[in-house]
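The residues making up each chain are set out below.
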Amino acid sequence: MKQSEIVNLSVAELQEQLVQLTSTYNNLRSAHAISPIENPLQLRNVRRSIARVNTELSKRELQ
């Protein structure tokens, strides 16, 4: 998920997206532990998306 997409979301949508991304990340991690997933870069991309959403939520709390 790109930063330009994240900025346009509301706080409720960001929190929902965070829950969804976190569960996706946990599923990918467990799948990768059992047998290597086809594209391990997915892990990094999802982790960075989680960080982007958390950053935007923190920024909005400070405002």
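In the block above lies the structure referred to throughout.
All residue numbers refer to position in the chain's written sequence, counted from 1. Side-chain atom pairs in this predicted model are given and counted only at pLDDT of 80 or more, local residue features only at pLDDT of at least 70, and totals for whole chains, interfaces and linings cover all residues. Note: side-chain values were computed over all heavy atoms of the structure, leaving out hydrogens and water.

A. Spatial organisation of the packing of helix 2 (residues 11-34) against helix 3 (residues 41-62). Lines are fitted to the C-alpha atoms to define the axes, a helix being fitted only along its stretch in contact, and any angle between axes, read from their N-to-C directions, falls within 0 to 180 degrees. Put simply, DSSP marks the helices as runs of H or I at least four residues long and the strands as runs of E at least two long, and each gets a number from the N terminus on. The interhelical angle for the contact between helix 2 and helix 3, taken along N-to-C directions, is 155°, at an axis separation of 9 Å. Comparing the axis directions of helix 2 and helix 3 gives the class roughly antiparallel. Between helix 2 and helix 3 lies a crossing of left-handed hand. In this structure, helix 2 contributes Val11, Leu14, Gln15, Gln17, Leu18, Leu21, Thr22, Thr24, Tyr25, Leu28, Arg29 and His32 to the contact, and helix 3 contributes Gln42, Leu43, Val46, Arg47, Ser49, Ile50, Val53, Asn54, Glu56, Leu57 and Arg60. In this classification, Asp, Glu, Lys and Arg are treated as charged, Ala, Val, Leu, Ile, Met, Phe, Trp, Tyr, Cys and Pro as nonpolar, and every other residue, Gly included, as polar. Looking at side-chain class alone, the contact of helix 2 with helix 3 contains 11 nonpolar, eight polar and four charged residues. Any angle from 65 to 115 degrees is called roughly perpendicular, while one under 35 is roughly parallel, one over 145 is roughly antiparallel, and all others are oblique. What makes a crossing left-handed is the near helix being turned counterclockwise from the far one by less than a right angle; a clockwise turn instead makes it right-handed. Working rule for contacts: check all heavy atoms of both residues, and any pair within 4.5 Å makes them a contact.

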